[in-house]
Structure formats: C-alpha cells, structure tokens
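# Descriptive analysis of the structure
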Amino acid sequence: MNQTKIISKILFYICTLLSVGYLITFVYSILCLTTDFSVTPYKGGQYLHINYPFTESPFLNIENNYPYMIFSFLLVLVSYGIFFWLSSKVFKVFFQDKLFTKDHIQQLKKFYLYNIFIPLPVVIIASFFVEVESIIWGLVFIHFMLGIFCLFLANIFKQGLHLQNEQDLFI
C-alpha cells in the first residue's frame, strides 16, 4: 500500500496545482475581460489576446464574442478548476492513515456527483450558444464513467466504514 500512498500524494499535488492554475486563470481572465486590463484585440477585433500581467506578451487567445467567452472559455476554465480541486481531494483520501471515514466518503460523493451531473447539462446549455465539437461529447462520457467508477468506490468505502467499526482497517 506504500505505492498507493506515494502515487496518490503525487497526483494530489499535481491536481492541486492544476486546480489553482485553472482557477487563477479564470479570475485573471474575468478581471481582464471586464476591465479591458491587459487585453489586446487583433485581426480587426475578431480575436483578443489576454496578455501576461503587466506585459504585452499574449497569454491566452480567444474569440471576441460573448457566447464564446462565456461558454467555450470561462465556463471551461472554472469547470476544470473545480474538477481538479475535487480530484485532488479524492487523491488525498488515499494517502491518509485511516482510509474509511465519513469525510472520505463525502469527498468521493462530491466527486462522483460533480462528474455525473455537471458536464452533460453544461455542454447541453453551451450547445445552444456555441458549436460543440464532437470530442466534447466524448469528454462528457468520460466524466460520466469516472463519476460512476467513483460512485462504486464510495459504496465500497461505506462498506469498509461499517467493517472498520468492528475492526480497525488501515493501509
């Protein structure tokens, strides 16, 4: 089980870093788009560069229309920021001394609920405003399957919690 703890700890830090990166990028993008700070239009205003802070170097390139900005850019940033934050919480479960706890089951539940019930409605709503490429539907399916797998894990953890009350199970 030491291997599991090492891998889960590494993945915890990677997912935490990705989450922070996505969420900081989301907040910075909102700031830039609402205040025109560090934003440079190009190709006749059809596209925008969101520049690195206090520079003229492009950081992000986006289309200059609100449906795209909201549904294909900002919503993706915040959704994956949340996804990686929840993922980091799940990986954190696997390097704790006591594996089967109510809090760990709650972390798994948040993760599976998010993956089962958020991606499909978000993509369906977005499809009314922007073109959704076919690969996105594949990602929705992958998130759904990931959610179902985590649902199974949560149910195993519930069973483990009951058994642990009778005897201590540690990894």
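What counts and how
Residues numbered from 1 in each chain as written. Predicted model: local features only at pLDDT ≥ 70, side-chain atom pairs only at ≥ 80, totals over all residues. Heavy atoms only, no water. Buried < 20%, exposed > 50% of the residue type's maximum accessible area, 1.4 Å probe, protein only. Helix = DSSP H or I, 4+ residues; strand = E, 2+ residues; numbered from the N terminus. Arc of directions from axis to C-beta. Patch = residues over 30% accessible without salt bridge, like charges linked within 9 Å, V, L, I, M, F, W, Y side chains within 5 Å. Areas by Shrake-Rupley, 256 points an atom, 1.4 Å probe, with all protein chains shown as cover. Salt bridge = Lys/Arg side-chain N within 4 Å of Asp/Glu carboxyl O. Core = buried A, V, L, I, M, F, W, Y, C linked by side-chain atoms within 4.5 Å. Contact = heavy atoms within 4.5 Å. UniProt positions renumbered as here; feature names shortened; annotations may be inferred. Pairing = 2+ DSSP bridges. Axes fitted to C-alpha atoms, helices over the stretch in contact; angles between N-to-C directions.

### Some words on helix α4 (residues 119-127)
Among the residues of α4, P119, V123 and A126 are the ones counted as buried. One side of α4 holds all its buried residues, which, seen down the axis, span an arc of 60°.

### Observations regarding a nonpolar patch on the surface
A surface patch of nonpolar side chains, about 620 Å² in accessible area, is lined by L120, I124, I125, F128, F129 and W137. A total of 3 residues in the nonpolar patch trace back to one element, the largest contributor, which is α4. Considering the arrangement of structural elements, one finds I124 in helix α4.

### Here's the deal with the nonpolar core
Formed by 19 residues in total, the largest nonpolar core has its most connected members in F94, L99, L108, F111 and F157. The greatest single-element share of this core, amounting to 6 residues, is contributed by helix α3 (residues 102-117). If we skip the residues at most four places from it in the chain, F157 touches V93, F94, L99, F100, H104, I105 and L108. Counting residues in hydrophobic clusters, the runner-up holds 12 residues, among them C32, L33, V39 and F73.

### So, unusual backbone geometry
Backbone geometry at D36 places phi at a positive 60°, although glycine is not the residue there. Within the secondary structure, D36 sits in the loop between α1 (2-35) and β1 (39-42).

### Remarks on the UniProt feature "transmembrane region" (unreviewed entry) in the chain
Following the UniProt record, the feature "transmembrane region" (unreviewed entry) maps to residues 12-31, 68-91, 111-129 and 135-157 here. End-to-end, the C-alpha atoms of residues 12-31 are 28 Å apart, and along that stretch the chain is 100% helix and 0% strand.

### Description of the sheet that holds strand β2 (residues 47-51)
Spatially, β1-β2-β3 is the arrangement adopted by the 3 strands of the open sheet, whose pairing is antiparallel. Both edges of this open sheet fall to β1 and β3 (58-63), since each of them pairs with a single strand only. Averaged over neighbouring strand pairs, the angle between their axes works out to 25° when direction is ignored. Pairing of β1 with β2, which is carried by 4 bridges, proceeds in the antiparallel orientation. Looking at the pairing, T40 lines up with H49 of β2.

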